[in-house]
Amino acid sequence: MLLIIAHHHDAEARWLCKILKESYNQPLHLLMPEALGIDYSISLQLKNDGLHHASVFFHEGKVLLDCNDVTYAINRLSYIDPIVWKHTNADERAYATNELNAFFPALIHSLKCPVSNRIYNGALYGDNSFAAKWGMHLYAHGIPVDALLTDATGKLYEKLRTIPAEKINRLMYTNNQVILPPGQEPIINFEAIKQCILKKDEPETLEFIFIKKQNNSPQLVQITKTPSLSCYGNMFAQTIYNHINNLRYDHINGDTQRNTLAAAC
């Protein structure tokens, strides 16, 4: 089963679920922690042998989401802000927020299957330096990089909103493949960019966004672990479907990020 974990407003995640269900009959579960109320139970077991386990039981519909049933996971969360707790008092809201932001990273971390957008440093968005590392990698290979690539103040998003769509090129790296949106104009120097990306042997799914500068040469402006999936249409859906159904791994030891826990002092 494919597990997609996303924000409640994530239209891209809903799009992927729809196309995989309707066109590929892919078993999946879309989990949106922010929209969860109180009608569910969560369980997390951390074991000394590293064989950790997590599950979520939804009382309405009597549905059990067991981490052992997941064969591939796509994490599109950056932070959980539980919308159903907005009208509670501040203490209850803070408690729910802290609990959800602790449990769901642990659930993702406990999965024994491959995960897109893994957990780093125990947090949903703990790998804060990945954009800078990638920017340095591309720059070292002669690819121009915008100074706002690592901006955390919002200036990057303001800039992207002002750029006409025809001035933007994008590509996605996933499962050691580079794919382009159908109908997009060719990217100048695409082969060099592609080889540069493949050389890094990245385990994550990433989207690279370029703006066209003078002579339409591309300049890297953004790297994200939550791509605009629908821009790639059936090409991405087919890629992820093939990958899921070609996976062969140990269901006991799997591909978990978890290691055996250190003995307690």
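The coordinates are above.
Residues numbered from 1 in each chain as written. Predicted model: local features only at pLDDT ≥ 70, side-chain atom pairs only at ≥ 80, totals over all residues. Heavy atoms only, no water.

(A) Seen up close, the overall build of the chain. Counting its regular elements, the chain contains six helices and 11 strands. Taken over C-alpha atoms, the radius of gyration comes to 20 Å for the chain, in line with the 18 Å a tight globule of 265 residues would show. In terms of its C-alpha atoms, the chain occupies a principal-axis envelope of roughly 55 × 50 × 45 Å. Buried residues in the chain amount to 46% of all 265 residues. If you take every contact in the chain between residues at least 6 apart in sequence, the share linking residues at least 24 apart comes to 69%. Surface summary for the chain: the accessible area is close to 13,700 Å², and the carbon and sulfur share equals 51%. Charged side chains of the chain number 24 positive and 26 negative; the gap between the two group centres comes to 5 Å. (Helix = DSSP H or I, 4+ residues; strand = E, 2+ residues; numbered from the N terminus. Rg over C-alpha atoms; globule rule 2.2 N^0.38 Å. Buried < 20%, exposed > 50% of the residue type's maximum accessible area, 1.4 Å probe, protein only. Contact = heavy atoms within 4.5 Å. Areas by Shrake-Rupley, 256 points an atom, 1.4 Å probe, with all protein chains shown as cover. Lys, Arg positive; Asp, Glu negative; His and termini not counted. Charge placed at Lys NZ, Arg CZ, Asp CG, Glu CD.)

(B) Representation of the sheet that holds strand S7 (residues 115–116). Pairing is parallel across the open sheet formed by four strands, whose spatial order is S2-S1-S6-S7. Edge positions in the sheet fall to strand S2 (28–31) and S7, since each of these pairs with one other strand and no more. In the packing of helix H1 (residues 11–24) onto the sheet, contacts are made with strand S1 (2–5), S2 and strand S6 (72–75), and the angle to S2 comes to roughly 165°. Against the sheet, helix H2 (residues 90–110) touches S1, S2, S6 and S7, its axis set at about 150° to S1. (Pairing = 2+ DSSP bridges. Axes fitted to C-alpha atoms, helices over the stretch in contact; angles between N-to-C directions.)

(C) Representation of the pattern of salt bridges in the model. Under the definition given, this model contains eight salt bridges. Linking Lys225 and Asp127 is a salt bridge whose minimum nitrogen-to-oxygen distance equals 2.9 Å. Here Asp127 lies in the loop between S7 and helix H3 (130–140) and Lys225 lies in the loop between strand S11 (218–224) and helix H6 (233–246), a separation of 98 residues in the sequence. Owing to a relative accessible area of 5%, Lys225 belongs among the buried residues under this scheme. What makes Asp127 buried here is its relative accessible area of 17%. With a shortest N-O distance of 3.1 Å, Glu185 and Lys212 are connected by a salt bridge. (Salt bridge = Lys/Arg side-chain N within 4 Å of Asp/Glu carboxyl O.)

(D) The arrangement of the side chain of Asp10 in detail. You can see Asp10 is positioned in the loop between S1 and H1. For Asp10, a relative accessible area of 8% corresponds to the buried category. Among the polar contacts made by the side chain of Asp10, one reaches the main-chain amide nitrogen of Glu12 at a distance of 3.1 Å. Of note is the side chain of Asp10, whose polar atom sits 2.6 Å from the side chain of Arg76. Excluding residues within four positions of it along the chain, Asp10 makes contact with Met32 and Arg76. (Polar contact = N/O pair within 3.5 Å; in protein donor to acceptor, adjacent residues only side chain to side chain.)

(E) Unusual backbone geometry, seen in detail. With phi around 55°, Asp201 is a residue other than glycine that occupies positive phi space. You can see Asp201 is positioned in the loop between helix H5 (190–199) and strand S10 (206–212).

(F) Examining the nonpolar core more closely. Within the largest apolar cluster, 24 residues are counted, with the highest numbers of intra-cluster contacts made by Leu3, Leu31, Val56, Phe104, Leu107 and Leu111. Breaking this core down by element, the ones donating at least two residues are S1, strand S4 (53–58) and H2. Top contributing element to this core by residue count: H2, with five residues. Leu2, Tyr72, Ile74 and Ile240 belong to the second largest nonpolar core, which has 21 residues in total. (Core = buried A, V, L, I, M, F, W, Y, C linked by side-chain atoms within 4.5 Å.)

(G) How the structure looks around H3. Listing the buried residues of H3 in full gives Phe130, Ala131, Trp134, Gly135, His137 and Leu138. Taken end-on, H3 shows its buried residues confined to a sector of 160°, consistent with a single buried face. Exposed residues on H3 whose side chains face more than 90 degrees from its buried face are Met136, Tyr139 and Ala140. (Arc of directions from axis to C-beta.)

(H) Focus on the sheet that holds S10. With respect to topology, four strands assemble into an open sheet ordered S9-S8-S10-S11, the strand pairing being antiparallel. The strands lining the two open edges of the sheet, one partner per strand, are strand S9 (177–179) and S11. Within the sheet, the average angular offset between the axes of one strand and its neighbour, ignoring direction, is 25°. Pairing of strand S8 (residues 168–174) with S9 involves three bridges; the strand directions are antiparallel. Bridge pairing in S9 places Met172 opposite Ile179. Strands in contact with H3 are S10 and S11; relative to S11, the strand with the most contacts, it is inclined by about 155°.

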